[in-house]
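Coordinates in review
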Amino acid sequence: MTDLTEIKRMSMSEYRLRMKAYRLRKLDTEYNIAMQAWMNREVQATRKRGKGQTAYYKRFKQFFDYEGRENEILGIEKEHSELAKRYIEIARAKDERDN
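The structure displayed is predicted, hence computed values, not measured ones. (Residues numbered from 1 in each chain as written. Predicted model: local features only at pLDDT ≥ 70, side-chain atom pairs only at ≥ 80, totals over all residues. Heavy atoms only, no water.)

With that out of the way, let us pick up the overall build of the protein. The helix and strand inventory of the protein stands at five helices and two strands. Reading the protein from its N terminus to its C terminus gives the helix and strand order α-α-β-β-α-α-α. By its C-alpha atoms, the protein is 65 × 50 × 25 Å across when sized along the principal axes. Burial status across the protein gives 1% buried among its 99 residues. Just so you have it, the protein exposes about 9700 Å², and 54% of that area is on carbon and sulfur atoms. Charged side chains of the protein number 23 positive and 17 negative; the gap between the two group centres comes to 9 Å. (Helix = DSSP H or I, 4+ residues; strand = E, 2+ residues; numbered from the N terminus. Buried < 20%, exposed > 50% of the residue type's maximum accessible area, 1.4 Å probe, protein only. Areas by Shrake-Rupley, 256 points an atom, 1.4 Å probe, with all protein chains shown as cover. Lys, Arg positive; Asp, Glu negative; His and termini not counted. Charge placed at Lys NZ, Arg CZ, Asp CG, Glu CD.)

Where strand 1 (residues 46-49) lies against strand 2 (residues 52-55), four bridges are found, and the strand directions are antiparallel. The residue bridging arginine 49 from the neighbouring strand is glycine 52, located in strand 2. Counted along the chain from strand 1 to the antiparallel partner strand 2, the turn is two residues long, and its residue glycine 50 has a positive phi close to 65 degrees. (Pairing = 2+ DSSP bridges.)

All right, on to a nonpolar patch on the surface then. Where nonpolar side chains cluster on the molecular surface, the patch consists of Met1, Leu4 and Ile7 and spans about 280 Å² of accessible area. In this fold, leucine 4 is placed in helix 1 (residues 4-9). (Patch = residues over 30% accessible without salt bridge, like charges linked within 9 Å, V, L, I, M, F, W, Y side chains within 5 Å. Salt bridge = Lys/Arg side-chain N within 4 Å of Asp/Glu carboxyl O.)

Our focus in this paragraph is the environment of arginine 92. The topology assignment puts arginine 92 in helix 5 (residues 82-98). In this structure arginine 92 comes out as exposed when scored by relative accessible area, which is 56%. It is 36 Å that separates the C-alpha atoms of arginine 92 and methionine 35, two residues lying 57 residues apart in sequence.

Attention now moves to the confidence of the model for the protein. The share of residues in the protein with pLDDT of 70 or more is 98%, and the mean pLDDT across the chain is 85. The element-level mean pLDDT for the protein is lowest in helix 3 (residues 60-63), coming to 81, with helix 2 (residues 12-43) highest at 91. (pLDDT = per-residue confidence, 0-100.)

Now for the packing of aromatic side chains. For any pair of aromatic rings, the description rests on two quantities: the centre-to-centre distance and the angle between the ring planes. In this structure the tally under the stated criterion is two aromatic pairs. Taking the centre distance of 5.0 Å and the plane angle of 85 degrees together, the rings of tyrosine 56 and tyrosine 57 count as edge-to-face. Judged by its relative accessible area of 39%, tyrosine 56 falls in the partly exposed class. Tyrosine 57 sits in the partly exposed class, given a relative accessible area of 22%. (Phe/Tyr/Trp six-rings, centres within 6.5 Å; stacked < 30°, edge-to-face > 60°.)

Written out as structure tokens, the structure is:
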């Protein structure tokens, strides 16, 4: 909002609401900065292998599965292996028996 006349016409409750929205946007920015710092730390993680250290994540997809997150957001279920499908069936049958 840059028009001064529009700003002057704003009620006090509208002003408070806009200020709350502004502070919430700033909070989101702070969260994104903290998340970036956390991810930088995770990417640099190592584990001890023998006498040396190796990177914890060999491939980017191990660190961040973009397609998996996208499918989760879009509600697309990933394809399970036959063994995993069988375990899911067993778990559902057990839940039905218990209820």
